[in-house]
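Close look at the chain arrangement
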Amino acid sequence: MSDLSTPLSGNAAGLRAWLLSETPDSRRQAAWGRSYRGWLNFRRNPLGMAGLIIVLALLVLSLAAPLLTWQSPDVQHLAQRLAPPSAAHWLGTDELGRDLYTRLLFGGRITLGMVVAVVVLVAPLGLVVGAVSGYLGGMTDRIMMRVTDIFLSIPQLILALAFVAALKPGISSAVIAIALTSWPPIARLARADALTVRANDYIAAVKLAGASPARIIFRHILPLCLPSVIVRITLDMSGIILTAAGLGFLGMGAQPPMPEWGTMIASTRGYILEQWWVPTIPGLAILIASLAFNLLGDGLRDVLDPKQS
Amino acid sequence: MKRVRTLAGALASVPITLFGLVLITFVIGRVVPIDPVVAIVGDHAPPEVIARVRAELGLDRPLPVQFLIYVKNLLHGDLGRSVMTSHRVTTDIAQYFPATIELATAAIILALLVGIPAGVLAASRQGSRLDHIVRVLSIGGQSVPVFVLGMIFLLIFYVKLGIAPGTGQQNVLYEGMVPHITGMHVIDAALTGQWDAFWDGLAHLALPALVLAYFSLGYITRMTRAYMIDALKGEYIITARAKGLSGARILWRHAFGNISVGLITVIALAYANLLSGAVLTETVFSWPGLGLYLTVSLLNADMNAVLGATLVVGLVYIGLNLIADLAYRLFDPRVR
């Protein structure tokens, strides 16, 4: 990507000029140009870039987990339990002699997988509820916003705990519980944007042109709610990681022997006095992952949603 | 008159939210895989006993009737009995909740003492190195898992340095010596003049409160900074400068004075969010609060206790949100 900004070859310079053109010839060019300017803006934010790089690194590490280690996350070597870091076990071993480095890599898959699952469930729901509610207004709006109020009336972790208790501890329950408690803030945000967007003249114009409410909402309102929702979701991902790890820590999320980071801490916290690194290493992994998403979200906010920063 | 109407507007939504909260806990309580009757009488009870208890609890009636019974019991302050402690859930909550309030209050005081000055200074020197440091620290506060921070604090300050007492609310020496007056250990010790127990309690409170404080510090700092940046753009600030007032006076009297209403909202919300953090912190520090009660009940599948605790936390949460809303509507002249 970096060669786009330095006109090394005529081609890259041409692309850059095309992207930064003040008089775009097509809609596509204008859209790409806007994203490129956003990227140039984002790149100037060192913290945001650090967040992006860590997030990408985490993704690569978890996806390539089987390639990056020659051990299995589940194989126990009881003779070598709680070993300190060494050449054979880069981060040492846990209470059952499993390789911590390997478990950390595979744990990344679980954590990021949960994050992706929650976002896939929550983002479309929140966006649609918010946009519909904001555009239609009236009774629909009032009812939908009361429903979000109700879900917002209990702290996320507590409601998630109660849900998980009712379902059955495990990853899918944790995902459902976190999703149920994560969509209302997104809906609220999308609604606020939809309220300002719907007052614009061009919405009146498409309405006069005979567009149906569905078309107006999905083609003309939703896309404009996206930037602030993207920022919010990126920041939420950090919260999702923390809640998922917290559930695991309390024994209500992923269950042992799954190498989920919070669960790993719960099962080894008794060793903190003697082998402090065993529970601390997964703790640092949680911190790094959640910090990365926060930094990324913070940087994105400066670019996409400047009025909020 | 207008003020009354805005107040009424804020209050009108409360009953609906409360109803929703009660409905959620009711639904969760009905979908649990554990049979509440078997939980009470045990697996080996004869069928006629099970049937009798089921009828006594109203569990043989249709769901809407069960819901009405549930609401009626709630209105009488009856949350059922805890299977684990065999006390009334309300009694248990009265026993455990004050410890959580004690912890959360200590945490919010610490967070405000650091967060507000940090936010104000960062805003007054926007873009400076100090501003960046404050920004990184507050993002860190929002990223750190409280239970990991708690463990690391215990490791460093208790195990390695030996300057902090271990987990729990008090040293075993003082066990049972401080009566339950307010339920807040430190305050009860002070009220009864047991200063040894008071200092011991304060020392036990320090670490968990610090952990929780860092949790809300990020949010408070960030909001203070944002409000201050906004306030410093006001024309009255330029006027004050033109009059030749000192920088500190402008910052604290003129700008800060104008954001204090917004901060009440922030503080109420931060305090409400501490309740979530408290669950994890209490587990790490074995702090005998509502969070620990909730998690222990969860692990024992004690649904009455879980739902009772959830309901109480929800009530407090709604109350704090209402306070935030009312403060904003009542004291901010721009809304009024």
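Not measured: the values here are computed from a predicted model.

Points about the interface of chain A and chain B
With 43 residues of chain A at the contact, the number on the chain B side is 42 residues. For the pair chain A and chain B, the summed buried surface comes to about 3,800 Å²; carbon and sulfur atoms form 77% of the total. Applying the counting criterion to the chain A and chain B interface returns three salt bridges. Arg-135 of chain B is the salt-bridge partner of Asp-298 of chain A, the closest N and O atoms lying 2.6 Å from each other.

A few points about unusual backbone geometry
In the segment running from Pro-256 of chain A into Pro-257 of chain A, the intervening peptide bond is cis, with an omega of 10°. Relative to the assigned elements, Pro-257 of chain A resides in the loop between helix 10 (213–249) and helix 11 (261–268). Within the chain, Ser-86 of chain B stands out as a residue other than glycine whose phi angle is a positive 60°. Considering the arrangement of structural elements, one finds Ser-86 of chain B in the loop between helix 4 (63–75) and helix 5 (89–124). The residue Ala-301 of chain B is not glycine, and still its phi comes out positive at about 55°. Tracing the backbone shows Ala-301 of chain B in the loop between helix 12 (290–299) and helix 13 (303–331).

Remarks on the side chain of Ser-228 of chain A
Residues and elements named next belong to chain A. When you line up the elements, Ser-228 lands in helix 10. At a separation of 2.3 Å, a polar atom in the side chain of Ser-228 contacts the side chain of Asp-193. Reaching out from Ser-228, the side chain makes a polar contact with the backbone oxygen of Cys-225 at a distance of 3.4 Å. Sequence-distant contacts of Ser-228, defined by excluding residues within four places in its chain, comprise Leu-189, Asp-193 and Asp-305.

Focus: the packing of aromatic side chains
All names here are of chain B. Counting across every chain of the model gives 13 aromatic pairs over all chains. With 5.4 Å between their ring centres and 80° between their planes, Phe-153 and Phe-157 make a pair best called edge-to-face. Of this pair, Phe-153 and Phe-157 both sit in helix 7 (residues 146–160), four residues apart, roughly one helical turn. Residue class for Phe-157 comes out partly exposed when judged on its relative accessible area of 25%.

Description of the pattern of salt bridges
Residues and elements named next belong to chain A. Counting across every chain of the model gives 14 salt bridges over all chains. Of the charged contacts, one joins Arg-98 and Asp-94 as a salt bridge, the two residues approaching to 3.0 Å between their closest N and O atoms. Here Arg-98 falls in the buried class, since its relative accessible area comes to 4%. Look at Asp-94 and you get buried, because its relative accessible area is 3%.

So, the nonpolar core
In this structure, Leu-161, Ile-221 and Leu-247 of chain A together with Ile-28 and Phe-147 of chain B are the most contacted members of the largest nonpolar core, which totals 123 residues. Here this core takes 17 residues from helix 10 of chain A, the largest share from any one element. Taken domain by domain, the makeup of this core includes at least three residues from each of domain 1 (2–75) and domain 2 (95–331) of chain B. Ignoring any residue separated from it by four or fewer positions in sequence, one finds Ile-28 of chain B in contact with Leu-159, Ala-162, Phe-163 and Ala-166 of chain A together with Met-303 and Leu-307 of chain B. Among the nonpolar cores identified, the runner-up in size contains 41 residues, and Val-120, Ile-250, Ala-278 and Trp-287 of chain B belong to it.

Overview of the domain arrangement of chain B
All names here are of chain B. By domain assignment, chain B separates into domain 1 (2–75) and domain 2 (95–331). Computed from C-alpha coordinates alone, the two centres of domain 1 and domain 2 are separated by 33 Å. At the interface, 18 residues of domain 1 touch 13 residues of domain 2. Interface of domain 1 and domain 2: buried area, both sides summed, is about 1,300 Å²; carbon and sulfur atoms make up 87% of it. Of all residues in domain 1, Ala-10, Leu-21 and Thr-25 bury the most surface against domain 2, accounting for 31% of the area lost on that side. Between domain 1 and domain 2 we count zero residue pairs in polar contact (both at pLDDT 80 or more) in total. Of all elements in the fold, only helix 1 (2–31) and helix 4 reach the threshold of two or more residues within the side of domain 1 that touches domain 2. Examining the composition of the side of domain 1 that touches domain 2, we find that 14 residues originate from one element, helix 1, more than from any other. Along the lines of polarity and charge, the residues of the side of domain 1 that touches domain 2 split into 12 nonpolar, five polar and one charged.

Digging into the environment of His-185 of chain B
All names here are of chain B. Note on placement: His-185 falls in helix 8 (residues 185–191). In this structure His-185 comes out as buried when scored by relative accessible area, which is 6%. Between the C-alpha atoms of His-185 and Asp-200, which are 15 residues apart in sequence, the distance is 10 Å. Excluding anything up to four places from it in sequence, His-185 contacts Glu-102, Gln-169, Gln-170, Val-178, Ala-197 and Gly-201.

Regarding the side chain of Ser-182 of chain A
All names here are of chain A. With respect to the helices and strands, Ser-182 occurs in helix 8 (residues 171–197). Given the relative accessible area of 6%, Ser-182 is considered buried. Among the polar contacts made by the side chain of Ser-182, one reaches the main-chain carbonyl oxygen of Ile-178 at a distance of 2.6 Å. Other than its neighbours up to four places away in sequence, Ser-182 contacts Val-118, Val-122 and Gln-156.

Digging into the environment of Ala-270 of chain B
Residues and elements named next belong to chain B. Inspection of the secondary structure puts Ala-270 in helix 11 (residues 247–285). Given the relative accessible area of 2%, Ala-270 is considered buried. Note: C-alpha distance between Ala-270 and Gly-218 (52 residues apart in sequence) is 9.9 Å. Leave out the neighbours within four places in its chain, and Ala-270 touches Ile-108, Ser-216, Tyr-219 and Ile-220.

Digging into helix 2 (residues 27–43) of chain A
The end-to-end C-alpha separation of helix 2 of chain A is 24 Å, in line with the 24 Å expected for 17 residues at 1.5 Å each. For helix 2 of chain A, the set of buried residues is Gln-29, Gly-33, Tyr-36, Gly-38, Leu-40 and Phe-42 of chain A.

Conventions used here
- Residues numbered from 1 in each chain as written.
- Chains lettered and ligands numbered in written order.
- Predicted model: local features only at pLDDT ≥ 70, side-chain atom pairs only at ≥ 80, totals over all residues.
- Heavy atoms only, no water.
- Contact = heavy atoms within 4.5 Å.
- Buried area = accessible area lost by both parts, 1.4 Å probe.
- Salt bridge = Lys/Arg side-chain N within 4 Å of Asp/Glu carboxyl O.
- Helix = DSSP H or I, 4+ residues; strand = E, 2+ residues; numbered from the N terminus.
- Polar contact = N/O pair within 3.5 Å; in protein donor to acceptor, adjacent residues only side chain to side chain.
- Phe/Tyr/Trp six-rings, centres within 6.5 Å; stacked < 30°, edge-to-face > 60°.
- Buried < 20%, exposed > 50% of the residue type's maximum accessible area, 1.4 Å probe, protein only.
- Core = buried A, V, L, I, M, F, W, Y, C linked by side-chain atoms within 4.5 Å.
- Domains from an automatic or database assignment.
- Nonpolar A, V, L, I, M, F, W, Y, C, P; charged D, E, K, R; others polar.
- Expected span 1.5 Å × (residues − 1).

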